[in-house]
Every structure is written in C-alpha cells, then in structure tokens.
Amino acid sequence: MSRLKSSIGIGDNKTLKDAHKLNSMLTNPLRSFHPGYLTAERLAKAKKLKIAITAGIGSDHVDLNAANETNGGVTVIEVTGSNVVSVAEHVIMTILTLVRNFVPAHEQIQAGDWNVAAVAKGEYDLENKVVGTVAVGRIGERVLRRLKPFECKELLYFDYQPLKPEIEKEIGCRRVDSLEEMLGQCDVVTINCPLHEKTQGLFNKDMIAKMKPGKIINCDDHLVY
C-alpha cells in the first residue's frame with residue numbers, strides 16, 4: 001500500500017471531509033459509534049480506502065456489506081481480545097453499582113441530602129444471589145471467575161458451547177439449556193455476547209417478561225430494545 005494516510009475518530013468533521021483522501025482509517029470504538037458509524041454513504045466517499053482498523057474490538061459500527069463492495073473490498077480488522085479483562089472488570093463494577101444502589105445514593109449526597117432508609121430500600125448483597133451470563137466466551141468466563149469470591153448462591157451461563165467440565169468445577173458454575181430457563185432463575189443477568197444479526201434485539205419485551213420481577217440486566221452490548 002503506497003503512502004498510507006490515516007485518521008483517528010471517524011466522527012469528527014475533518015475526517016469526514018477528508019475521507020476521499022484516505023488509504024487507511026483508524027477508528028476508536030469509543031468515538032466511532034453514532035453519529036460516527038462507517039456507513040455505506042461514508043464508505044462511498046472514501047474512494048481510496050483500503051483498510052479500516054478498530055482500535056479495540058467490535059465491528060458493528062462498520063457496514064461490513066458495504067465495506068466488502070467498496071473499492072474492491074475494504075479490509076475491516078480489530079484487535080481481538082485486547083480488552084477482555086477491562087470489560088470483565090467493568091461488568092463487575094457495573095453490577096456492584098446497580099445492586100448497591102450507588103447512583104441514587106451519590107445523587108442524594110450531591111443534593112446535600114442523606115436518607116439512608118431510601119438508599120437501603122433498593123440495595124442488595126451479591127452473596128446468596130443467582131447471577132447468570134448470556135455467553136461465556138473470553139469475557140463471560142472472566143466475569144464468572146470474578147464473581148466466585150462473592151459467594152453467590154449460583155453462577156449460571158447460557159451458551160451454545162459449554163465450558164469444559166473441569167473449568168465449570170473450578171469456577172463453580174452451571175450451564176442452563178435455554179435462555180428463558182436461566183432468566184427465570186437469575187437475580188442479575190449480564191449480557192456478554194457479540195452484536196450480530198442473531199443477537200440484535202435479543203432482549204426484547206417478550207424476553208424481559210420472562211425474567212424474575214425487579215431484576216437487573218447489565219448490558220455489555222446493544223442487545224436490548
């Protein structure tokens with residue numbers, strides 16, 4: 001590839017204006033989602049583009065079909081597995097933030113108030129709770145491992161491919177045959193599967209209705225509507 005020109009952050013105006021000059025484009029997944037999707041319209045303007053690199057993981061911000069048809073095929077690549085630990089830790093942080101009712105408590109303090117009873121009313125421990133993950137890949141497995149010390153009542157997972165028996169025993173988790181079955185048992189559900197055609201809208205109104213009342217969905221990707 002001769003004299004590559006790259007630009008970071010496809011959402012900024014300068015990058016979009018200069019798209020026709022680019023041979024390569026580096027997209028930051030934190031900045032490349034709406035309104036900075038690499039759409040068919042934007043790809044059509046990038047007459048010299050040969051490669052689009054995500055500085056992280058995920059390619060759902062790129063129209064892959066359009067990329068395949070642009071300029072004889074634009075190569076779309078990501079740094080697979082680069083942030084699995086960070087995401088797994090973020091999931092645990094988010095779960096704790098939700099079950100401990102942290103945000104309402106923080107907002108009370110910001111307002112110069114402190115009503116312990118109001119905060120504690122919606123606050124729970126993870127101990128003796130049932131937690132389940134939708135998918136148990138690189139991230140889902142790490143989430144379950146990090147949940148083990150909290151002494152949850154049970155750790156469940158739903159995935160078409162089961163973990164090895166020795167790994168299940170090590171973590172202390174159990175595979176559930178159907179997503180609906182798992183949702184009916186869980187106090188906390190964390191979604192750790194990639195976004196694609198089969199998972200888009202997975203957690204719709206009908207699916208959420210199968211959950212135990214008042215339970216939490218910790219969304220790792222855009223699967224809920």
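Structural data are supplied above this passage.
Parameters and conventions
- Residues numbered from 1 in each chain as written.
- Predicted model: local features only at pLDDT ≥ 70, side-chain atom pairs only at ≥ 80, totals over all residues.
- Heavy atoms only, no water.
- Axes fitted to C-alpha atoms, helices over the stretch in contact; angles between N-to-C directions.
- Helix = DSSP H or I, 4+ residues; strand = E, 2+ residues; numbered from the N terminus.
- Parallel < 35°, antiparallel > 145°, perpendicular 65-115°, else oblique.
- Left-handed = near helix turned anticlockwise from the far one by under 90°.
- Contact = heavy atoms within 4.5 Å.
- Nonpolar A, V, L, I, M, F, W, Y, C, P; charged D, E, K, R; others polar.
- Buried < 20%, exposed > 50% of the residue type's maximum accessible area, 1.4 Å probe, protein only.
- Pairing = 2+ DSSP bridges.
- Salt bridge = Lys/Arg side-chain N within 4 Å of Asp/Glu carboxyl O.

Peer 1: Please clarify how the packing of helix H4 (residues 84-99) against helix H7 (residues 138-147) should be interpreted in this entry.
Peer 2: The axes of two packed helices give the description: the angle between them and the distance between them. Where H4 contacts H7, the axes come no closer than 9 Å and their chain directions differ by 50°. One element, H4, and the other, H7, form an angle in the oblique class. Viewed along their axes, H4 and H7 form a crossing whose handedness is right-handed. Contacts between H4 and H7 involve Val84, Val85, Val87, Ala88, Glu89, Val91 and Ile92 on the former and, on the latter, Arg138, Ile139, Arg142, Val143, Arg146 and Leu147. When grouped by side-chain class, the residues that make up the contact of H4 with H7 number nine nonpolar, no polar and four charged.

Peer 1: Please clarify how the pairing of strand S7 (residues 188-191) should be interpreted in this entry.
Peer 2: Within a regular strand, side chains alternate between the sheet's two faces. Alternating positions in S7 separate into two faces, Val188 and Thr190 on one and Val189 and Ile191 on the other, with burial throughout. Bridge analysis of strand S4 (residues 130-134) against S7 gives four bridges, and the strand direction is parallel. Among the inter-strand pairings, Val134 is bridged to a residue of S7, identified as Ile191.

Peer 1: Help me understand the environment of Thr133, please; the structure alone is not making it clear to me.
Peer 2: Within the element layout of this structure, Thr133 appears in strand S4. When neighbours within four sequence positions are excluded, Thr133 is seen to be in contact with Gly140, Leu144, Leu156, Tyr157, Phe158, Met182, Thr190 and Asn192.

Peer 1: Got a minute to help me understand H7 in this structure?
Peer 2: Owing to its 3.6 residues per turn, the α-helix brings residues three or four apart onto one side. The set of residues buried in H7 consists of Ile139, Gly140, Glu141, Val143, Leu144 and Leu147. Summarising the contacts, the buried residues of H7 are in contact with H4, S4, strand S5 (154-158), helix H8 (165-171), strand S6 (173-175) and S7.

Peer 1: How do you make sense of the pattern of salt bridges when you look at a structure like this?
Peer 2: Two side chains with opposite charge may pair up if their charged atoms get near one another. Tallied over the full model, the rule gives seven salt bridges. The closest approach of N and O atoms between Arg100 and Asp125, which form a salt bridge, is 2.4 Å. You can see Arg100 sitting in the loop between H4 and helix H5 (102-110) and its partner Asp125 sitting in the loop between helix H6 (116-121) and S4, a full 25 residues away along the chain. On the accessibility criterion, Arg100 (36% relative accessible area) is partly exposed. A relative accessible area of 44% places Asp125 in the partly exposed class. Among the ionic pairs, Glu154 bridges to Arg174, the shortest N-O distance being 2.6 Å.

Peer 1: Just to check I follow, could you spell out unusual backbone geometry for this structure?
Peer 2: Trans is the prevailing form of peptide bonds, just as negative phi is the prevailing case for residues other than glycine. Positive phi values are uncommon outside glycine, yet Asn101 reaches one of about 60°. Of note in the backbone geometry, Ala135 takes a positive phi value of approximately 90° without being a glycine. By secondary structure assignment, the location of Ala135 is in the loop between S4 and H7. Exposure remark for Ala135: the relative accessible area of 11% places this residue in the buried category.

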